[in-house]
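Secondary and tertiary structure notes
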Amino acid sequence: METITYAPGYERVARYHDFERTPHGVRFHAESDAGTPVEVALDFVLPEVVRLCMSPENLGPARHHLLVREEWEPVPFLLSEAPDRLHLATRFLHLDVARDLWCIHLLDTSGDLVCREASECTPDRVVTDLGFLRDPESGQVTVHETFGLAPDEDLYGLGEQFARVNRVGQRFELWATDAYGISHRATYKNVPFLWSTRGYGLFVYTTSRVTFDLATVSTLAHGFTHEGPELDVFLIYGPEPAAILRRYCDLIGYAPVPPRWSFGLWMSRCGYQNRAEVEQVAEGLRAHD
C-alpha cells in the first residue's frame, strides 16, 4: 500500500532558510527538496496545543470557522536558536525544529519525546514526509504529513468507523457517505481527530477529504493525506487521554447534554407508506407506554 509520498512529483519540506517570530509562534521560510518555496507556521493556541500549518504558497490568515474562538490569547513561550535548529518552549511543551534536514520533535518538559515527524518511505532516516504533490494538469495541491509510531503505541479516534477500536494497521478515508450497514468503510460521522497512547492528540482542521494511513505503509509511521492546498493540524499534548480530549474540546467546543426525552425509546424505520401507518405506530406507542 502506497501514499502520494511515493509519487514521482512529490516534494518534501527539506530545510528552512530563516524565520520570524510572531505573537503566537514562528513562521518559517523554507523550501522543498525540489527548491520550491514553502511557508511553515508553528503557533501556540494553548500552552499544551500547537498549530502546524504548511503551504507551497503564502499562508493565508488562520481560519477559525470550526473553532470556538476567532482569536487566541498569546501564549508565553521561549525561543532559542542554534546553528542547526530552533527550540520553542511553553511551560508544558517543547518543540525542536531541525534546520536541514527539516524535522519537528515534540517533547515534554523533561525532554522526553512525545512525537516526531517521520517518513513512510524511509522511517529509519532523518528525512520526513511533510510536503505536497501538485497535479501537473489542474495545478491542484494535495498535502501530506507523517509521524513516527512506537512499537507499543496505540491510536484511537476518527469518529464512526466500522473497524477495530485500535486504529493501528488500518487505512481510513474520511468523507461523509450514507452508511447502509456496517460491512464496509462508508461512514457518516467522520471526525479527523485521533489520540495516541504516547500522550498526544492530532486534529486535522478541515472539511475536505482526508485519508489516514496508520501503519499501513510502514509499521514505524502513521500519516494522513489532505486533499487541499494547505496543511492545518493541531498537535495536542495530554499526556492523559482525558486531558487530550478536554483540550480538543477547548478548541472545537463541548457538546451540550441532550434533552431528557432523547434518552428514551427511539422509534424509527426507513419509511412509511401512508398516514395510517404513522398513526398506527403512534397509537401502539401510547398503548404500551
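These notes cover the structure that comes with them. Residue indices begin from 1 for each chain and proceed along its sequence in written order. Local features in this predicted model are restricted to residues whose pLDDT is 70 or higher, and side-chain atom pairs enter the listing and the counts only when it is 80 or higher, whereas totals over whole chains, interfaces and linings include all residues. Note that the side-chain values use all heavy atoms of the structure and ignore hydrogens as well as water.

Attention now moves to the overall build of the protein chain. Starting at the N terminus, helices and strands are each numbered in turn, a helix being any DSSP run of H or I of at least four residues and a strand any DSSP run of E of at least two. Across its full length, the protein chain holds two helices and 18 strands. Oriented by its inertia axes, the alpha-carbon framework of the protein chain measures out at about 80 × 45 × 40 Å. Here the protein chain holds 289 residues, and 47% of them are scored as buried. Of the contacts formed within the protein chain by residues at least 6 apart in sequence, a portion of 55% connects residues at least 24 apart. Each accessible area is a Shrake-Rupley estimate made with a 1.4 Å probe; only the visible protein chains count as cover when residues are assessed. Element-wise, carbon and sulfur atoms account for 54% of the exposed surface of the protein chain, whose accessible area totals about 15300 Å². We treat Lys and Arg as the positive residues and Asp and Glu as the negative residues; His and chain ends play no part in the count. Where a charge sits is defined by one atom per residue type, namely NZ (Lys), CZ (Arg), CG (Asp) or CD (Glu). Mean positive and mean negative side-chain charge positions of the protein chain (26 and 42 charges, respectively) differ by 5 Å. Note on exposure labels: buried denotes an accessible area under 20% of the residue type's maximum, exposed denotes more than 50%, and partly exposed covers the range between, all computed with a 1.4 Å probe on protein chains only. Contact criterion: two residues are considered in contact whenever any of their non-hydrogen atoms come within 4.5 Å of each other.

What follows covers unusual backbone geometry. With an omega of 10°, the peptide bond between aspartate 100 and leucine 101 qualifies as cis. One can find leucine 101 in the loop between β7 (94–98) and β8 (103–107). Residue proline 239 follows glycine 238 across a cis peptide bond; omega there is 0°. Here proline 239 lies in the loop between β18 (231–237) and α1 (241–252). The phi dihedral of alanine 215 is positive, around 70°, even though this residue is not glycine. Tracing the backbone shows alanine 215 in the loop between β16 (210–214) and β17 (221–226). For alanine 215, a relative accessible area of 12% translates into the label buried.

A surface patch of nonpolar side chains, amounting to about 480 Å² of accessible area, comprises Leu265, Met267, Tyr272, Val278 and Leu285. You can see tyrosine 272 is positioned in the loop between α1 and α2 (275–287). Accessibility expressed as a relative area gives 34% for tyrosine 272, which makes it partly exposed. What goes into a patch is any residue over 30% in relative accessible area without a salt bridge, connected to like charges within 9 Å or, for nonpolar side chains (Val, Leu, Ile, Met, Phe, Trp, Tyr), within 5 Å. When a carboxyl oxygen of Asp or Glu is within 4 Å of a side-chain nitrogen of Lys or Arg, the pair counts as a salt bridge.

Mapped onto the fold, glutamate 145 is located in strand β11 (residues 141–148). Look at glutamate 145: it is buried, it has no salt bridge, and the nearest opposite charge is arginine 12 at 9.1 Å. Leave out the neighbours within four places in its chain, and glutamate 145 touches Leu52, Glu117, Leu130, His222, Gly223, Phe224 and Leu231.

This part is about the sheet that holds strand β6 (residues 85–89). Only when DSSP finds a minimum of two bridges between them are two strands counted as paired. The strand order across the open sheet formed by five strands is β5-β6-β7-β8-β9, and the pairing between neighbours is antiparallel. Where the open sheet ends on each side, the last strands, each with one partner, are β5 (78–82) and β9 (113–116). On average, each strand axis in the sheet is tilted by 15° relative to the strand beside it, whichever way the strands run. Taken together, the five bridges between β7 and β8 define a ladder with antiparallel strand orientation. By the bridge assignment, valine 97 is partnered in β8 with isoleucine 104. Fitted lines through C-alpha atoms give the axes, limited to the stretch in contact for helices. The angle between two N-to-C directions lies from 0 to 180 degrees.

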